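# Overview (structure and organization)
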Amino acid sequence: MTTTTKAVGAPLARIEGPEKVSGRARYAAEYPVDGVAHGWIVPSPVPRGRLTAVVADPTGDTMAVLWHGNAPSLAAVDDPELAVLQSDRISYRGQPIALVVADTLEAARRAAQVLHLEIEAEEHETVLRADHPGVYEPETVNPGYPAATVHGDVETALATADVTVDVTYSTPALHNNPMEPHATIARWDGDDLTLYDSNQHPSGVAATVGEIFGVDRVHVITEHVGGGFGSKGTARPNAVLAALAARVTGRPVKVVLPRQAMFSMVGHRTPTLQRVRLAAGRDGTLSGIDHQAYSQTSRLYEFAEQTAVVTRHMYAAPHRRTGHHLLRLDMPTPRWMRAPGEAPGMLALECAIDELAEKLGMDPIELRIRNEPSAEPESGVAFTSRHYVECLRRGAERFGWSGRDPRPARRREGDWWIGTGVAGATYPTMAQPSTARVRALPDGTFEVAIGATDLGTGARTILVQIAADALDVAPERVRIRIGDSTLPRASVAGGSSGSASWGWAVTGACRSLRDTGRDEVTFDSTELVQRQETEGRHAYGAHFAEVRVDAVTGEVRVSRLFGMYAAGRILNARTARGQFLGGMIMGMGMALHEEGVLDPAMGEWVNHDLAGYHVPVHADVESIEAAWLDETDDRINPMGSKGIGEIGIVGSPAAIVNAVWHATGIRIRDLPVRLDKILDGLPAS
Amino acid sequence: MKTFAYRTAVTPADGLEPGAVFLAGGTNLVDLMKLGVATPDVLVDVNKLPLDEIADLPGGGLRIGAGARNSDVAADPRVRRDFPVLSEALLAGASGQLRNVATTGGNLLQRTRCRYFMDASKPCNKHTPGSGCPARDGDHRDLAILGASASCVATHPSDMAVALAALGATVRVDGPAGRRVIPVTGLHRLPGDTPERDTVLEHGELITAVEVPPLPFAHRSTYRKARDRASYAFAVGSVAAALDVHDGVVRDVRLAWGAVAHRPWRAFAAEERLRGRPATRAEFTAAADVELAAAEPLRDNAYKINLLRRMTTAVLERLAEGARR
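Residues numbered from 1 in each chain as written. Chains lettered and ligands numbered in written order. Predicted model: local features only at pLDDT ≥ 70, side-chain atom pairs only at ≥ 80, totals over all residues. Heavy atoms only, no water.

### Side note on the overall build of chain B
We count it as follows: Secondary structure elements follow DSSP: runs of H or I of four or more residues count as helices, runs of E of two or more count as strands, with numbering from the N terminus. By definition in these notes, contact holds between two residues if any of their heavy atoms fall within 4.5 Å. Per-residue accessibility takes into account occlusion by the displayed protein chains alone, with areas from the Shrake-Rupley method and a 1.4 Å probe. Only four residue types enter the charge count: Lys and Arg as positive, Asp and Glu as negative, with His and the chain ends excluded. Lysine's charge is taken at NZ, arginine's at CZ, aspartate's at CG and glutamate's at CD.
When you go through chain B residue by residue, the secondary structure sums to 11 helices and 12 strands. Each principal axis of the C-alpha distribution contributes one length, and for chain B these read about 60 × 50 × 35 Å. Counting only contacts in chain B whose residues sit at least 6 apart along the sequence, the fraction spanning at least 24 positions is 64%. As displayed, chain B offers around 12600 Å² of accessible surface, 52% of which is attributable to carbon and sulfur atoms. Taken together, the 42 basic and 37 acidic charged side chains of chain B have centroids lying 3 Å from each other.

### Remarks on the overall build of chain A
Under the convention used in this document: A radius of gyration in this sense is built from C-alpha atoms; the matching globule rule multiplies 2.2 Å by the number of residues raised to 0.38. Relative accessibility under 20% of the residue-type maximum defines a buried residue, over 50% an exposed one, and the middle range a partly exposed one, all with a 1.4 Å probe and only protein chains included.
Scanning chain A for helices and strands turns up 14 helices and 28 strands. The globule rule puts the C-alpha radius of gyration for 685 residues at 26 Å, and the 26 Å found for chain A is close to it. Each principal axis of the C-alpha distribution contributes one length, and for chain A these read about 75 × 70 × 50 Å. Counting the 685 residues in chain A, one finds 64% classified as buried. Accessible area for chain A stands at about 23800 Å²; split by element, carbon and sulfur atoms hold 49% of it. Separation of charge centres in chain A, based on 67 positive and 85 negative side chains, amounts to 3 Å.

### Notes on the domain arrangement of chain B
Stated precisely, the cut-off is as follows: The split into domains, and so the bounds of each, comes from an automatic or database assignment of domains.
On domain assignment, one finds that chain B holds domain 1 (5–45) and domain 2 (219–324). Between domain 1 of chain B and domain 2 of chain B, the C-alpha centre-to-centre distance is 36 Å.

### Examining the packing of aromatic side chains
Residues and elements named next belong to chain A. Stated formally: Here the aromatic set is Phe, Tyr and Trp, taking the six-membered ring for Trp, and pairing holds for ring centres within 6.5 Å; pairs whose planes are under 30 degrees apart are stacked, those over 60 apart are edge-to-face, and all others are tilted. Whether a charge sits over a ring depends on NZ of Lys or CZ of Arg being within 6 Å of the ring centre and within 35 degrees of the ring normal.
Evaluation of the coordinates by the stated rule reveals 11 aromatic pairs over all chains. Summarising the aromatic geometry, the rings of Tyr-315 and Tyr-388 are spaced 6.1 Å apart at their centres and angled 55 degrees between planes, so their arrangement reads as tilted. Placement of Tyr-315 in the loop between strand S16 (286–298) and strand S17 (319–329) and of Tyr-388 in helix H8 (residues 388–399) is noted, with a sequence separation of 73 residues between them. For the pair Tyr-315 and Tyr-388, one class covers both residues: buried. Following the ring pairs from residue to residue traces out a cluster consisting of Tyr-315, Phe-383, Tyr-388 and Tyr-540. When the ring centre of Tyr-31 is taken as reference, the NZ or CZ atom of Arg-26 above it lies at 6.0 Å. The side chain of Arg-667 reaches across the aromatic face of Trp-661, ending 4.1 Å from its centre.

### Overview of the side chain of Glu-376 of chain A
Residue and element names in this part refer to chain A. Short version of the rule: Counting of polar contacts relies on pairs of N or O atoms within 3.5 Å, with two restrictions inside protein: one atom must be capable of donating a hydrogen and the other of accepting it, and residues adjacent in sequence are counted only when both atoms are side-chain atoms.
Following the sequence through the fold, Glu-376 ends up in the loop between helix H7 (364–370) and H8. A polar side-chain atom of Glu-376 sits 2.6 Å from a polar atom in the side chain of Ser-379. Each residue touching Glu-376, except ones within four places of it in the same chain, is listed here: His-313, Val-381, Phe-383, Gly-536 and His-538.

### Considerations on the nonpolar core
Short version of the rule: Here, nonpolar core refers to any group of buried Ala, Val, Leu, Ile, Met, Phe, Trp, Tyr and Cys residues whose side-chain atoms link them within 4.5 Å.
By size, the foremost hydrophobic cluster in this structure holds 170 residues, and its most contacted members are Phe-213 of chain A together with Trp-257 of chain B. Tallying contributions element by element places helix H6 (residues 342–360) of chain A first for this core, with 11 residues. In terms of nonpolar packing, the next biggest core, distinct from the first, is built from 40 residues, Val-73, Val-85, Leu-90 and Ala-256 of chain B among them.

### Comments concerning the UniProt feature "domain: Aldehyde oxidase/xanthine dehydrogenase a/b hammerhead" (unreviewed entry) in chain A
Stated precisely, the cut-off is as follows: UniProt positions are given in the numbering used here, feature names are shortened, and annotations may be inferred rather than shown by experiment.
Those residues carrying the UniProt feature "domain: Aldehyde oxidase/xanthine dehydrogenase a/b hammerhead" (unreviewed entry) are residues 22–123 of chain A in this numbering. In residues 22–123 of chain A, helix accounts for 10% and strand for 32%; the two terminal C-alpha atoms are 51 Å from one another.

### A look at the packing of helix H4 (residues 202–213) of chain A against helix H5 (residues 237–249) of chain A
Residues and elements named next belong to chain A. To keep it simple, the criterion reads: Under this scheme, a helix contributes an axis fitted over its contacting stretch, all axes are lines through C-alpha atoms, and angles between N-to-C directions fall in the 0 to 180 degree range. Each angle receives one of four descriptions, namely roughly parallel if under 35 degrees, roughly antiparallel if over 145, roughly perpendicular if within 65 to 115, and oblique otherwise. Definitions for this section: a left-handed crossing has its near helix turned counterclockwise from the far helix by less than a right angle. A right-handed crossing has that turn clockwise. Classes in brief: Ala, Val, Leu, Ile, Met, Phe, Trp, Tyr, Cys and Pro nonpolar; Asp, Glu, Lys and Arg charged; the others, Gly included, polar.
Running from N to C, H4 and H5 point in directions that differ by 45 degrees, and their axes come no closer than 11 Å. Considering their axes alone, H4 and H5 lie oblique with respect to each other. Here H4 runs over H5; the crossing is right-handed. On H5, the residues touching Val-209, Ile-212 and Phe-213 of H4 are Ala-239, Val-240, Ala-243 and Leu-244. Residue composition of the contact of H4 with H5, by class: seven nonpolar, no polar and no charged.

### A word on unusual backbone geometry
All names here are of chain A. Note the cis peptide between Asn-142 and Pro-143, where omega equals -15 degrees. Relative to the helices and strands, Pro-143 is located in the loop between strand S7 (140–141) and strand S8 (145–146). Positive phi outside glycine occurs at Ala-409, with the angle close to 55 degrees. Here Ala-409 lies in the loop between H8 and strand S18 (411–413).

### As for the interface of chain A and chain B
Formally: Here's the idea: put two parts together, see how much 1.4 Å probe accessible area each one loses, and the total over both is what we call buried area. What makes a salt bridge here is a side-chain nitrogen of Lys or Arg within 4 Å of a carboxyl oxygen of Asp or Glu, nothing more.
Contacts between the two partners involve 34 residues from chain A, matched on the other side by 34 residues from chain B. Three residues stand out in chain A for area buried against chain B, namely Arg-110, Val-552 and His-614 of chain A, and they jointly supply 17% of the buried area on that side. Our count for the contact surface shared by chain A and chain B stands at four salt bridges. Across the pair Arg-318 of chain B and Asp-415 of chain A runs a salt bridge whose closest N-O atoms are separated by 3.0 Å.

### Some details on the domain arrangement of chain A
Residues and elements named next belong to chain A. Looking at chain A, the domain boundaries give domain 1 (17–25 + 432–530) and domain 2 (31–123 + 177–263). Of note, the centres of domain 1 and domain 2, computed from C-alpha atoms alone, are 32 Å apart. Taken residue by residue, the interface counts 21 residues in domain 1 and 18 residues in domain 2. Between domain 1 and domain 2 the total buried area reaches about 1400 Å² when both faces are included, carbon and sulfur atoms providing 49% of it. Counting the contacts that link domain 1 with domain 2 gives one salt bridge. With a closest N to O distance of 3.3 Å, Glu-223 and Arg-460 form a salt bridge. Along the contact surface separating domain 1 from domain 2 lie nine residue pairs in polar contact (both at pLDDT 80 or more). Among the residues forming the side of domain 1 that touches domain 2, the class breakdown is seven nonpolar, eight polar and six charged.

### Quick word on the UniProt feature "domain: FAD-binding PCMH-type" (unreviewed entry) in chain B
The UniProt entry lists residues 1–217 of chain B under the feature "domain: FAD-binding PCMH-type" (unreviewed entry), expressed in the numbering used here. Along residues 1–217 of chain B, the helical share is 23% and the strand share 17%, with 48 Å between the first and last C-alpha atoms.

### Describing the sheet that holds strand S20 (residues 435–440) of chain A
All names here are of chain A. Convention followed: Here a strand pair is declared whenever DSSP counts at least two bridges between the two strands.
The strand order across the open sheet built from four strands is S22-S21-S20-S23, with neighbouring strands paired in mixed fashion. With partners counted over all chains shown, the strands left at the sheet margins are strand S22 (478–481) and strand S23 (520–524), one partner each. Across the sheet, the mean angle separating the axes of adjacent strands is 15 degrees when strand polarity is ignored. Two strands pair when backbone bridges link them, and S20 and strand S21 (residues 446–449) are joined in this way by four bridges, in the antiparallel orientation. The residue bridging Ala-440 from the neighbouring strand is Phe-446, located in S21.

### Focus on the sheet that holds strand S15 (residues 272–280) of chain A
Hydrogen bonds between backbone atoms are what pair the strands of a sheet, whose relative direction is either parallel or antiparallel. Residue and element names in this part refer to chain A. Here we have five strands laid out as an open sheet, ordered S9-S17-S16-S15-S10, and mixed in their pairing. For this open sheet the edge positions go to strand S9 (149–151) and strand S10 (163–171), each flanked by a neighbour on one side alone. Neighbour-to-neighbour, the strand axes of this sheet turn through a mean angle of 10 degrees, independent of strand direction.

### Focus on the packing of H6 of chain A against helix H13 (residues 652–664) of chain A
Residue and element names in this part refer to chain A. It is the contact of H6 with H13, at a shortest axis distance of 8 Å, that shows an interaxial angle of 35 degrees. Between H6 and H13 lies a crossing whose hand is right-handed. In contact with Met-346, Leu-347, Glu-350, Cys-351, Asp-354 and Glu-358 of H6, H13 contributes Pro-653, Ala-654, Val-657, Asn-658 and Trp-661. Of the residues assigned to the contact of H6 with H13, the class counts are seven nonpolar, one polar and three charged.

### Remarks on the environment of Arg-263 of chain B
Residue and element names in this part refer to chain B. With respect to the element layout, Arg-263 can be found in the loop between strand S11 (249–258) and strand S12 (265–266). For Arg-263, a relative accessible area of 25% puts it in the partly exposed group. Through-space distance from the C-alpha of Arg-263 to that of Leu-187 is 8.3 Å; in sequence the pair is 76 residues apart. Residues in contact with Arg-263, not counting those within four places in the same chain, are His-156, Thr-185, His-188, Arg-189 and Leu-190.

As structure tokens, this is what we get:
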């Protein structure tokens, strides 16, 4: 069903690249808007309580100080985090409880700092524990899976197995920190609302904000976005507060989140505690898998991360069990962060598999291959394509795995212990309904319009490539318009589904225009997307890491990181590489650097800036490479593409953690792996 | 940010009006002003003062102007040749962009990065005297194991200062009350019950230069920094050392630690223990342990004792090996 391709697959440079590197590309907060005022969000200084009064300095240089005592009423929507300034209830530290508006950013910020808040603080709880009496099993986990599954009898399998592994891994709170923080400029013209807003879904933001203010015409402009990682998937409080303040003051209002607010107001990856139990025969054949995941949510909203869902389809085993357990805390609501579910889940599963390989005295790649399923193990449905084993084998060749001494703490080079590790990767292949419009213009070019967003990934460029091939013209003849809620409605840039969803609609529109000879075609993919059969749609990969651990200090550095993927047709070799590498680097951060450090007494992650919350810097990235198989899959979408935005962070942390064990003999089961956890166990030099 | 006045300093001895602070590179002060942790009424810009020279001192020492930028000091051929520990320490700190702006005086006077100090919404005896120290029971993995108090467990974050402490450098100070010279090891205070005061400087006193005295064996000196990522991170522990070995015996040694105390920690007791003893691994470790005997770690930073012991041993061993070659 695919046509001969010309543009798709080519390593086209980002078409907006020159605009970005020359500074001409405008991000949300950069639009010049006459008379704009500045809003500064006042975060709650306590994790739980009631705000009873807000007293502003009467001599202060402010236009408005909004709080629940004077803010206009807003309509409630699904996301209670958006009911800003509507209640006296404080549900977490950092929650927006007031907004100061002033002529300058500095004046607004200062007034916010000295604002007098009267708060009745209450006892709070902020620590996730598996044995907390409040732990409960949710009905479903995101985005609608059953919380628990049971197949066969895993306890008997464990009791009768030759070899078992029973390990608990923990991951800390992780925080989406796109380079561009969340930002909004809001302007009202009568009941027409314009938002310049940084998000992953302009039409979704328009609909939500419209509902909140009871208006129909909300125009969201999202031309360029400096990253999102899931945190901009829906409207955030900044958009509502900017619109609210603009309504009250009669001025356009700009609200830009400071870095500190990125740790509370826009979601985070929940901390997890994960117990994985494996039962296997001497030959490595798994007879049982049990994966129980504990995570937290807020008092406001049940967000249930699907941590153990990935275990339902990764490896074959007759007896299996997965479960999810939640605890509500006086903490911010977790949300999506790059590969929610898969990233933490595969950390625990793939480290446990490595521990099993050690116990069996078996190569960890061979162990994985031994347990390759022929269909989805729990559902029994067929895979549209699955080339996991090929990723492991071909990746091992490229990485130079063969001849590896499986014993830990054997390789010493100068001051460093050296080790290598491997882990699998997978991510669901998804698509959502979208609509695209194409017009044949008199000058021989074509205008393709779709309300998609480009988070910096190259989405805009890929849509041009897809359109060019579907129209059978050169990419130079295609003009693309995205990033605007008034364009045909597109799905969210999330779940690694953007290219598939939008590309499907663009393909449909362009082919129809080409075939019918009409000047303009609008194509809605809803019916096609919903007609898909129930099949196992997943991308796969294998990650390989070589680390060195300083024999004196225990400092860990990643000398080599390699990913081999099978992710359908790769639409743009250049931007795909960036996606894979970006995911792998973020995986390195998850393994070694990133941690929201909770102070239970304060009820807050106290390292809430980029000096305290470490992500990898350039010097941490040494040799890193991604490669992919030429995978053909005609059953997923017209392009044959699978999502690639998230798979790089799935399994790469486990490969690094496993390599640290191989280098030192030390299993670190609480992330991140850092020198203070390694130091005392380092082998004698 | 609180509204402030701005003026330019005319001479180093100008002094400061009440509520005023000096502004040099601004890489730390401006951040603190945005956060509302520093709320000066007046900024007195010292960048125009002619304080950026690096000059030879008789006998092989150097006078480094307080306005000399970190990048320039790190790259100075004399510093690299005679005091490599100083160049290495500077290059281990911050980022290239920050080092291009940050000054020698400002680097010494930068404030702790303790997370509670950096957040005006939280208690902290350093930014709000008497409000308490949540770090003792809270997050203190990066904080002090030596010389701390019930009021404050902050660390001084500078790498450069650790090298200067090891080298026995002094600070030249000017002010309305006249000039004075203070050893770098005596510039920063221990917190005691007045942690709001980082240093012994009086209001209005300005550092004009740092003097590094001649130290012939410092051409064999080094700085080692342990950190949580490869670059652009404050130390979790660091060692500055110079070693003079003759016939296998330690003739002299200079040793200072970073990220362990409210000031760059000159390990005088360890030095004392080592002088005249064999330059062996066991002696190096024993010397580190003499110094570390005074350590009072908190719940989550006891690892620093082992870290400093191992790093000190390794650094001195490396210097001793170099001396044998």
